[in-house]
Amino acid sequence: MNLDELARRIHEASHLTGTFTLRSGRTATAYFDKYQFESDPRLLDAVAEAMAPLVPDGVEVLAGLELGGIPVVTALGRHTGLPCTFVRKQAKTYGTARLAEGADVAGRRVLVVEDVVTSGGQIVLSTADLRAAGAEVRDALCVIDRQEGGAEALAEHGIALRSLVTAADLRATA
């Protein structure tokens, strides 16, 4: 399936209108319910297949951010063969008490994977945690870039944002 068709399918599955408060605190009249494309196994697989060529050379570990980045990174790992780690918003207080579960990130080049990026705030926070754990993070990859300043905010922290589709791509399919 080509990228235009994939964007159309993502839009059809996940686009909602109304009044929504985003994680960044901003209010939006259009919302992409990521769980709609993430919970459809065929659509999620097509998304991951299309994202695989966007993974930069030299990446050793894929890091999915809680919660929406977890299904995306798992599917992407199937298409790239790269090991994954699952990054919590805060370390659990029991068991291993780790912030990142799965593949070890220390001393390795890690790609942060997210579903939807608006302000980039969670990627900035999680990247700081991954870097503190010894990871080298230069890039982030998302399914949808809402084009609301996330790429610029990430660049200020030395993170280049790559996206499968943008809000403009999705609007063009409507």
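Keep in mind the model is a prediction, meaning the values are calculated, not measured.

J.: Explain the pattern of salt bridges residue by residue, including any values.
T.: Tallied over the entire structure, the rule returns 10 salt bridges. The shortest N-O distance in the salt bridge between R78 and D45 comes to 3.0 Å. In this pair, R78 sits in helix α4 (residues 69-80) while D45 sits in helix α3 (residues 41-51), placing the two residues 33 residues apart along the sequence. A relative accessible area of 64% means that R78 is categorised as exposed. The salt bridge involving R88 is made with E101; its shortest N-O contact spans 3.8 Å.

J.: Quick one: what's the story with the nonpolar core, residue by residue and with numbers?
T.: I10, L62, V143 and I144 are the most contacted members of the largest nonpolar core, which totals 30 residues. Of all elements in the fold, only α1 (3-14), α3, α4, β6 (109-117), β7 (136-145) and β8 (160-166) reach the threshold of two or more residues within this core. When residues in this core are grouped by element, the largest group, 6 residues, is from α3. Among all residues touching I10, those that are not within four sequence positions of it are H15, F37, L43, V47, V143, I144, L164 and L170. Judged by nonpolar contacts, the second largest core, of 21 residues, contains V61, L65, A140 and I159.

What counts, and at which threshold
Residues numbered from 1 in each chain as written. Predicted model: local features only at pLDDT ≥ 70, side-chain atom pairs only at ≥ 80, totals over all residues. Heavy atoms only, no water. Salt bridge = Lys/Arg side-chain N within 4 Å of Asp/Glu carboxyl O. Helix = DSSP H or I, 4+ residues; strand = E, 2+ residues; numbered from the N terminus. Buried < 20%, exposed > 50% of the residue type's maximum accessible area, 1.4 Å probe, protein only. Core = buried A, V, L, I, M, F, W, Y, C linked by side-chain atoms within 4.5 Å. Contact = heavy atoms within 4.5 Å.

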